[in-house]
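# Survey of secondary and tertiary structure
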Amino acid sequence: MTKTPISDAYAQSPQMRKLQERIASSQDNIFLKGLAGSSLSFVLSQAFLGAGKPFLLVFSDKEEAAYQLNDLEQLIGEQDVLFYPGSYRRPYQIEQTDNANVLLRAEVLNRINSRKKPAVIVTYPDALFEKVVTRKELEKNTLHVKRNDTISLDFLNEVLFEYQFARTDFVTEPGEFSVRGGIVDVFSFSHDQPYRIEFFGDEVDSIRTFDVETQLSNNQVQKISIIPNVANTAVQEKRESFLQYISSKTVVYTKNEDLLFARLDDFFGKAKDAFTQLSAEIQHAQPQELFVAAALFREQMGRFCWVSSSQPPVSPEKGWETVVFNTKPQPSFNKKFDVLIQNLNDHMGQG
(Lines give C-alpha, C1' and ligand atoms only; values in the text may rest on other atoms or scores of the structure.)
Protein backbone atom coordinates (compact mmCIF):
# COMPACT_ATOMS: atom_id res chain seq x y z
CA MET A 1 0.00 0.00 0.00
CA THR A 2 1.29 3.46 -0.92
CA LYS A 3 0.57 6.37 1.45
CA THR A 4 0.92 9.80 -0.13
CA PRO A 5 -0.03 13.36 0.86
CA ILE A 6 -2.78 13.11 -1.77
CA SER A 7 -4.32 9.93 -0.30
CA ASP A 8 -4.07 11.51 3.19
CA ALA A 9 -5.90 14.60 1.91
CA TYR A 10 -8.70 12.43 0.50
CA ALA A 11 -8.89 10.35 3.70
CA GLN A 12 -9.39 13.49 5.82
CA SER A 13 -11.87 15.25 3.52
CA PRO A 14 -15.53 15.75 4.60
CA GLN A 15 -16.65 14.12 1.35
CA MET A 16 -14.84 10.88 2.23
CA ARG A 17 -16.33 10.90 5.72
CA LYS A 18 -19.81 11.31 4.23
CA LEU A 19 -19.16 8.54 1.70
CA GLN A 20 -17.90 6.14 4.38
CA GLU A 21 -20.92 6.89 6.60
CA ARG A 22 -23.29 6.11 3.71
CA ILE A 23 -21.43 2.87 2.89
CA ALA A 24 -21.55 1.82 6.55
CA SER A 25 -25.30 2.42 6.82
CA SER A 26 -26.12 0.87 3.37
CA GLN A 27 -29.51 2.61 3.50
CA ASP A 28 -29.07 4.52 0.24
CA ASN A 29 -27.22 4.05 -3.01
CA ILE A 30 -24.49 6.64 -3.61
CA PHE A 31 -23.85 8.95 -6.58
CA LEU A 32 -20.28 10.26 -6.80
CA LYS A 33 -20.23 13.61 -8.59
CA GLY A 34 -17.33 15.79 -9.71
CA LEU A 35 -14.52 13.21 -9.99
CA ALA A 36 -11.89 13.75 -12.70
CA GLY A 37 -8.86 11.72 -13.75
CA SER A 38 -7.32 9.50 -11.09
CA SER A 39 -9.36 11.09 -8.30
CA LEU A 40 -11.72 8.11 -8.71
CA SER A 41 -8.87 5.72 -7.79
CA PHE A 42 -8.09 7.70 -4.62
CA VAL A 43 -11.76 7.80 -3.58
CA LEU A 44 -12.38 4.09 -4.19
CA SER A 45 -9.15 3.02 -2.45
CA GLN A 46 -9.86 5.18 0.63
CA ALA A 47 -13.48 3.98 0.72
CA PHE A 48 -12.34 0.35 0.68
CA LEU A 49 -9.64 0.83 3.32
CA GLY A 50 -12.14 2.51 5.63
CA ALA A 51 -15.14 0.24 5.06
CA GLY A 52 -13.89 -3.25 5.98
CA LYS A 53 -16.20 -4.65 3.27
CA PRO A 54 -15.49 -6.32 -0.09
CA PHE A 55 -15.78 -4.08 -3.18
CA LEU A 56 -16.77 -5.03 -6.75
CA LEU A 57 -15.76 -2.39 -9.30
CA VAL A 58 -17.35 -2.65 -12.77
CA PHE A 59 -15.69 -0.57 -15.49
CA SER A 60 -16.74 -0.07 -19.11
CA ASP A 61 -14.29 -2.48 -20.77
CA LYS A 62 -11.19 -4.59 -20.18
CA GLU A 63 -8.72 -1.78 -20.97
CA GLU A 64 -10.30 0.66 -18.51
CA ALA A 65 -10.51 -2.07 -15.86
CA ALA A 66 -6.80 -2.90 -16.30
CA TYR A 67 -5.90 0.81 -16.04
CA GLN A 68 -7.81 1.18 -12.77
CA LEU A 69 -6.40 -2.13 -11.50
CA ASN A 70 -2.88 -0.71 -11.78
CA ASP A 71 -3.84 2.41 -9.80
CA LEU A 72 -5.56 0.41 -7.07
CA GLU A 73 -2.71 -2.10 -6.72
CA GLN A 74 -0.41 0.84 -5.95
CA LEU A 75 -2.81 2.48 -3.50
CA ILE A 76 -4.12 -0.64 -1.69
CA GLY A 77 -1.58 -3.42 -2.35
CA GLU A 78 -1.55 -6.30 -4.84
CA GLN A 79 -2.69 -8.91 -2.29
CA ASP A 80 -6.08 -7.27 -1.83
CA VAL A 81 -6.84 -6.23 -5.43
CA LEU A 82 -8.04 -8.98 -7.80
CA PHE A 83 -8.78 -8.91 -11.53
CA TYR A 84 -11.87 -10.82 -12.71
CA PRO A 85 -11.73 -11.17 -16.54
CA GLY A 86 -14.04 -12.87 -19.04
CA SER A 87 -13.02 -16.34 -20.21
CA TYR A 88 -14.90 -16.62 -23.52
CA ARG A 89 -14.17 -15.13 -26.88
CA ARG A 90 -17.56 -16.39 -28.09
CA PRO A 91 -20.43 -18.10 -26.19
CA TYR A 92 -20.57 -21.91 -26.41
CA GLN A 93 -17.06 -22.07 -27.95
CA ILE A 94 -15.26 -23.83 -25.09
CA GLU A 95 -12.16 -24.35 -27.25
CA GLN A 96 -11.88 -20.57 -27.51
CA THR A 97 -11.55 -19.93 -23.77
CA ASP A 98 -8.38 -18.29 -22.49
CA ASN A 99 -6.77 -20.50 -19.81
CA ALA A 100 -4.94 -17.56 -18.24
CA ASN A 101 -8.27 -15.76 -17.74
CA VAL A 102 -9.97 -18.93 -16.45
CA LEU A 103 -7.15 -19.12 -13.89
CA LEU A 104 -7.74 -15.53 -12.75
CA ARG A 105 -11.50 -16.16 -12.47
CA ALA A 106 -10.95 -19.31 -10.40
CA GLU A 107 -8.52 -17.45 -8.12
CA VAL A 108 -11.21 -14.85 -7.40
CA LEU A 109 -13.86 -17.50 -6.67
CA ASN A 110 -11.42 -19.37 -4.44
CA ARG A 111 -10.54 -16.15 -2.54
CA ILE A 112 -14.26 -15.45 -1.93
CA ASN A 113 -14.89 -19.05 -0.84
CA SER A 114 -11.89 -19.06 1.53
CA ARG A 115 -13.48 -16.20 3.53
CA LYS A 116 -10.18 -14.40 3.91
CA LYS A 117 -10.22 -10.66 4.59
CA PRO A 118 -12.22 -8.51 2.10
CA ALA A 119 -10.74 -7.70 -1.30
CA VAL A 120 -11.37 -5.33 -4.21
CA ILE A 121 -12.48 -7.17 -7.36
CA VAL A 122 -12.02 -5.22 -10.61
CA THR A 123 -14.06 -6.36 -13.60
CA TYR A 124 -16.07 -5.36 -16.73
CA PRO A 125 -19.36 -6.43 -18.43
CA ASP A 126 -17.93 -9.31 -20.51
CA ALA A 127 -16.81 -11.10 -17.31
CA LEU A 128 -20.11 -10.60 -15.44
CA PHE A 129 -22.04 -11.94 -18.46
CA GLU A 130 -20.84 -15.48 -17.62
CA LYS A 131 -22.48 -17.35 -14.77
CA VAL A 132 -20.24 -19.25 -12.33
CA VAL A 133 -20.57 -22.55 -10.50
CA THR A 134 -22.30 -22.15 -7.13
CA ARG A 135 -20.27 -22.04 -3.91
CA LYS A 136 -21.60 -25.50 -3.02
CA GLU A 137 -20.58 -26.95 -6.40
CA LEU A 138 -17.15 -25.31 -6.29
CA GLU A 139 -16.50 -26.70 -2.81
CA LYS A 140 -17.67 -30.15 -3.96
CA ASN A 141 -15.28 -29.97 -6.92
CA THR A 142 -12.28 -28.73 -4.93
CA LEU A 143 -9.64 -31.13 -3.62
CA HIS A 144 -7.81 -29.83 -0.54
CA VAL A 145 -4.36 -31.31 0.05
CA LYS A 146 -2.03 -30.52 2.93
CA ARG A 147 1.28 -31.79 4.26
CA ASN A 148 1.12 -35.11 6.15
CA ASP A 149 -2.25 -36.02 4.57
CA THR A 150 -2.68 -39.69 3.68
CA ILE A 151 -3.71 -39.91 0.01
CA SER A 152 -2.93 -42.69 -2.44
CA LEU A 153 -1.40 -41.75 -5.79
CA ASP A 154 -4.12 -43.79 -7.53
CA PHE A 155 -6.84 -41.75 -5.80
CA LEU A 156 -5.20 -38.44 -6.76
CA ASN A 157 -4.82 -39.68 -10.34
CA GLU A 158 -8.53 -40.60 -10.51
CA VAL A 159 -9.67 -37.25 -9.08
CA LEU A 160 -7.58 -35.28 -11.57
CA PHE A 161 -9.00 -37.27 -14.50
CA GLU A 162 -12.49 -36.67 -13.08
CA TYR A 163 -11.69 -32.93 -13.01
CA GLN A 164 -10.78 -33.30 -16.74
CA PHE A 165 -7.08 -32.52 -16.18
CA ALA A 166 -4.79 -33.74 -18.98
CA ARG A 167 -1.85 -35.99 -18.08
CA THR A 168 1.36 -34.76 -19.75
CA ASP A 169 5.11 -35.34 -19.49
CA PHE A 170 5.71 -31.78 -18.25
CA VAL A 171 3.21 -29.36 -16.76
CA THR A 172 3.10 -26.01 -18.55
CA GLU A 173 -0.44 -24.60 -18.23
CA PRO A 174 -3.56 -24.83 -16.01
CA GLY A 175 -5.47 -28.09 -16.31
CA GLU A 176 -2.39 -30.35 -16.69
CA PHE A 177 -0.68 -32.83 -14.38
CA SER A 178 2.22 -35.29 -14.55
CA VAL A 179 3.33 -38.24 -12.42
CA ARG A 180 6.95 -39.30 -11.97
CA GLY A 181 7.48 -41.96 -9.33
CA GLY A 182 6.33 -40.47 -6.04
CA ILE A 183 6.07 -36.91 -7.40
CA VAL A 184 2.89 -35.36 -8.83
CA ASP A 185 3.04 -32.00 -10.61
CA VAL A 186 -0.37 -30.34 -11.00
CA PHE A 187 -1.40 -26.93 -12.34
CA SER A 188 -4.63 -26.05 -10.54
CA PHE A 189 -6.95 -23.32 -11.78
CA SER A 190 -6.76 -21.75 -8.30
CA HIS A 191 -3.15 -20.52 -8.41
CA ASP A 192 -0.89 -18.81 -10.94
CA GLN A 193 1.93 -21.33 -10.38
CA PRO A 194 1.76 -25.15 -10.50
CA TYR A 195 2.32 -27.35 -7.46
CA ARG A 196 4.81 -30.20 -6.94
CA ILE A 197 3.48 -32.78 -4.45
CA GLU A 198 6.06 -35.26 -3.13
CA PHE A 199 4.83 -38.51 -1.55
CA PHE A 200 6.48 -40.83 0.96
CA GLY A 201 4.39 -43.96 0.45
CA ASP A 202 0.80 -42.68 0.75
CA GLU A 203 1.74 -39.66 2.86
CA VAL A 204 2.17 -36.13 1.45
CA ASP A 205 5.76 -35.35 2.39
CA SER A 206 6.06 -31.85 0.89
CA ILE A 207 4.26 -29.37 -1.38
CA ARG A 208 6.10 -26.71 -3.36
CA THR A 209 5.29 -24.28 -6.16
CA PHE A 210 7.56 -24.46 -9.20
CA ASP A 211 8.47 -22.48 -12.31
CA VAL A 212 7.05 -23.82 -15.60
CA GLU A 213 10.04 -22.51 -17.58
CA THR A 214 12.83 -24.06 -15.50
CA GLN A 215 10.72 -26.80 -13.81
CA LEU A 216 12.61 -25.90 -10.59
CA SER A 217 10.83 -25.77 -7.20
CA ASN A 218 10.24 -22.38 -5.55
CA ASN A 219 8.39 -21.93 -2.28
CA GLN A 220 7.18 -24.55 0.13
CA VAL A 221 3.48 -24.42 1.10
CA GLN A 222 1.51 -26.23 3.78
CA LYS A 223 -1.82 -26.73 2.00
CA ILE A 224 -3.32 -26.25 -1.46
CA SER A 225 -6.69 -26.31 -3.24
CA ILE A 226 -6.95 -28.06 -6.61
CA ILE A 227 -9.82 -26.65 -8.71
CA PRO A 228 -10.93 -27.76 -12.20
CA ASN A 229 -11.83 -25.43 -15.08
CA VAL A 230 -14.82 -23.55 -13.64
CA ALA A 231 -15.66 -22.10 -17.09
CA ASN A 232 -16.21 -25.49 -18.73
CA THR A 233 -19.82 -25.39 -19.95
CA ALA A 234 -19.66 -29.12 -20.67
CA VAL A 235 -19.67 -29.65 -16.90
CA GLN A 236 -23.32 -29.83 -15.90
CA GLU A 237 -23.14 -28.14 -12.50
CA LYS A 238 -25.74 -25.64 -11.36
CA ARG A 239 -24.62 -22.08 -12.08
CA GLU A 240 -25.46 -18.64 -10.75
CA SER A 241 -24.60 -15.05 -11.56
CA PHE A 242 -21.48 -13.52 -10.00
CA LEU A 243 -23.73 -11.14 -8.04
CA GLN A 244 -25.35 -14.17 -6.37
CA TYR A 245 -21.93 -15.64 -5.60
CA ILE A 246 -20.51 -12.64 -3.74
CA SER A 247 -21.50 -11.54 -0.23
CA SER A 248 -24.52 -9.23 0.15
CA LYS A 249 -22.19 -6.93 2.18
CA THR A 250 -20.24 -6.17 -1.01
CA VAL A 251 -20.16 -2.54 -2.18
CA VAL A 252 -20.73 -2.51 -5.97
CA TYR A 253 -19.39 0.42 -8.02
CA THR A 254 -20.44 0.89 -11.67
CA LYS A 255 -18.89 3.43 -14.04
CA ASN A 256 -21.55 3.53 -16.78
CA GLU A 257 -24.80 1.64 -16.18
CA ASP A 258 -26.30 2.29 -19.66
CA LEU A 259 -23.24 0.79 -21.34
CA LEU A 260 -23.14 -2.11 -18.84
CA PHE A 261 -26.77 -3.10 -19.44
CA ALA A 262 -26.43 -2.65 -23.22
CA ARG A 263 -23.34 -4.88 -23.32
CA LEU A 264 -25.03 -7.61 -21.26
CA ASP A 265 -28.07 -7.64 -23.55
CA ASP A 266 -25.87 -7.62 -26.66
CA PHE A 267 -23.88 -10.63 -25.38
CA PHE A 268 -27.05 -12.44 -24.34
CA GLY A 269 -28.54 -11.94 -27.81
CA LYS A 270 -25.39 -13.42 -29.38
CA ALA A 271 -25.55 -16.37 -26.96
CA LYS A 272 -29.14 -17.11 -27.99
CA ASP A 273 -28.16 -16.95 -31.68
CA ALA A 274 -25.20 -19.29 -31.06
CA PHE A 275 -27.46 -21.72 -29.14
CA THR A 276 -29.86 -22.09 -32.10
CA GLN A 277 -26.95 -23.16 -34.33
CA LEU A 278 -25.69 -25.93 -32.01
CA SER A 279 -26.05 -29.59 -32.92
CA ALA A 280 -29.33 -31.06 -31.62
CA GLU A 281 -27.60 -34.43 -31.09
CA ILE A 282 -25.70 -33.10 -28.06
CA GLN A 283 -27.56 -31.68 -25.09
CA HIS A 284 -26.47 -28.11 -24.25
CA ALA A 285 -27.46 -25.87 -21.37
CA GLN A 286 -29.90 -23.06 -22.25
CA PRO A 287 -28.44 -19.51 -22.50
CA GLN A 288 -30.26 -18.41 -19.32
CA GLU A 289 -28.53 -21.23 -17.41
CA LEU A 290 -25.05 -20.06 -18.44
CA PHE A 291 -25.29 -16.32 -19.03
CA VAL A 292 -26.67 -13.15 -17.43
CA ALA A 293 -29.07 -10.75 -19.15
CA ALA A 294 -29.35 -7.07 -18.15
CA ALA A 295 -32.78 -7.52 -16.51
CA LEU A 296 -31.42 -10.17 -14.12
CA PHE A 297 -28.36 -8.07 -13.29
CA ARG A 298 -30.48 -4.98 -12.59
CA GLU A 299 -32.82 -6.99 -10.36
CA GLN A 300 -29.96 -8.50 -8.33
CA MET A 301 -28.30 -5.10 -7.77
CA GLY A 302 -31.04 -4.39 -5.20
CA ARG A 303 -29.13 -6.56 -2.66
CA PHE A 304 -26.11 -4.29 -2.55
CA CYS A 305 -24.88 -0.84 -1.61
CA TRP A 306 -24.62 0.58 -5.13
CA VAL A 307 -22.09 3.35 -5.87
CA SER A 308 -22.13 5.08 -9.27
CA SER A 309 -20.25 7.98 -10.88
CA SER A 310 -22.62 8.37 -13.86
CA GLN A 311 -26.23 9.53 -13.77
CA PRO A 312 -27.89 7.28 -11.15
CA PRO A 313 -30.34 4.72 -12.56
CA VAL A 314 -33.81 4.41 -11.09
CA SER A 315 -33.72 1.96 -8.18
CA PRO A 316 -37.05 1.11 -6.49
CA GLU A 317 -35.28 -0.53 -3.53
CA LYS A 318 -33.23 2.48 -2.39
CA GLY A 319 -32.86 6.20 -2.93
CA TRP A 320 -29.68 7.94 -4.11
CA GLU A 321 -27.45 10.09 -1.90
CA THR A 322 -25.10 12.46 -3.77
CA VAL A 323 -21.51 13.05 -2.62
CA VAL A 324 -19.87 15.96 -4.49
CA PHE A 325 -16.08 16.13 -5.02
CA ASN A 326 -14.77 19.40 -6.40
CA THR A 327 -12.05 18.04 -8.69
CA LYS A 328 -11.29 19.44 -12.14
CA PRO A 329 -9.50 17.89 -15.14
CA GLN A 330 -5.87 18.90 -15.49
CA PRO A 331 -5.42 21.58 -18.19
CA SER A 332 -3.26 20.86 -21.23
CA PHE A 333 0.29 22.21 -20.75
CA ASN A 334 1.65 21.23 -24.19
CA LYS A 335 5.09 20.33 -22.75
CA LYS A 336 5.51 23.80 -21.23
CA PHE A 337 6.99 22.76 -17.91
CA ASP A 338 7.24 26.28 -16.52
CA VAL A 339 3.44 26.59 -16.89
CA LEU A 340 2.98 23.15 -15.24
CA ILE A 341 5.22 24.16 -12.32
CA GLN A 342 3.35 27.46 -11.93
CA ASN A 343 0.02 25.60 -11.94
CA LEU A 344 1.20 23.16 -9.25
CA ASN A 345 2.59 26.01 -7.12
CA ASP A 346 -0.72 27.90 -7.41
CA HIS A 347 -2.60 24.83 -6.13
CA MET A 348 -0.11 24.36 -3.30
CA GLY A 349 -0.60 28.01 -2.33
CA GLN A 350 -4.38 27.48 -2.21
CA GLY A 351 -3.94 24.42 0.04
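Heads up: the structure comes first, above all this text.
Summary of the structure given here. (Residues numbered from 1 in each chain as written. Predicted model: local features only at pLDDT ≥ 70, side-chain atom pairs only at ≥ 80, totals over all residues. Heavy atoms only, no water.)

## Re the sheet that holds strand E10 (residues 195-200)
What counts here: DSSP bridges decide pairing: two strands pair if at least two such bridges lie between them. Counting from the N terminus, the helices are the DSSP runs of H or I reaching at least four residues and the strands are the DSSP runs of E reaching at least two.
Spatially, E7-E8-E9-E10-E11-E12 is the arrangement adopted by the six strands of the open sheet, whose pairing is mixed. At either end of the open sheet lies a strand with only one pairing partner, and these are strand E7 (166-167) and strand E12 (217-221). Judged from the four bridges that link them, strand E9 (residues 183-186) and E10 form a sheet pairing that is antiparallel. Considered in E10, the bridge of Ile183 is made with Glu198.

## Details of the sheet that holds strand E4 (residues 120-123)
Keep this limit in mind: Axes, fitted as lines to C-alpha atoms, cover a helix only where it is in contact. Angles between the N-to-C directions of the axes lie from 0 to 180 degrees. Any two residues having at least one pair of non-hydrogen atoms within 4.5 Å are treated as being in contact.
Across the sheet, which stays open at both edges, the seven strands sit in the order E3-E4-E2-E15-E16-E1-E17 with parallel pairing between neighbours. The strands lining the two open edges of the sheet, one partner per strand, are strand E3 (81-83) and strand E17 (320-324). For this sheet, the mean inter-axis angle between neighbouring strands, taken without regard to orientation, is 20°. Here helix H4 (residues 62-76) sits on the sheet and contacts strand E2 (55-58), E3 and E4; the angle it forms with E3, its principal contact strand, is near 160°. Each of E3 and E4 touches helix H5 (residues 99-114); the most contacted strand, E3, lies at about 140° to it.

## Quick look at the packing of aromatic side chains
Remark: the centre distance and the inter-plane angle together describe each pair of aromatic rings, the angle taken between the planes. Basically, it comes down to this: Classification of ring pairs uses Phe, Tyr and Trp, with its six-membered ring standing for Trp, and accepts pairs whose centres are within 6.5 Å; under 30 degrees between planes counts as stacked, over 60 as edge-to-face, and the remaining range as tilted. Counted as over-ring charges are cases with an Arg CZ or a Lys NZ within 6 Å of the ring centre that also lie within 35 degrees of the ring normal.
Inspection of every chain in the model, using the stated rule, returns twelve aromatic pairs. Their ring planes at 85° and their centres at 5.7 Å tell us that Phe48 and Phe55 sit as a pair that is edge-to-face. Aromatic ring contacts, followed pair by pair, group Phe129, Phe267 and Phe291 into a single cluster. The ring of Tyr245 carries the charged tip of Arg135 above its face, separated from the ring centre by 5.2 Å. The ring centre of Phe261 lies 4.1 Å from the NZ or CZ of Arg298, which sits over that ring.

Function-wise, these values are silent; they only describe arrangement.
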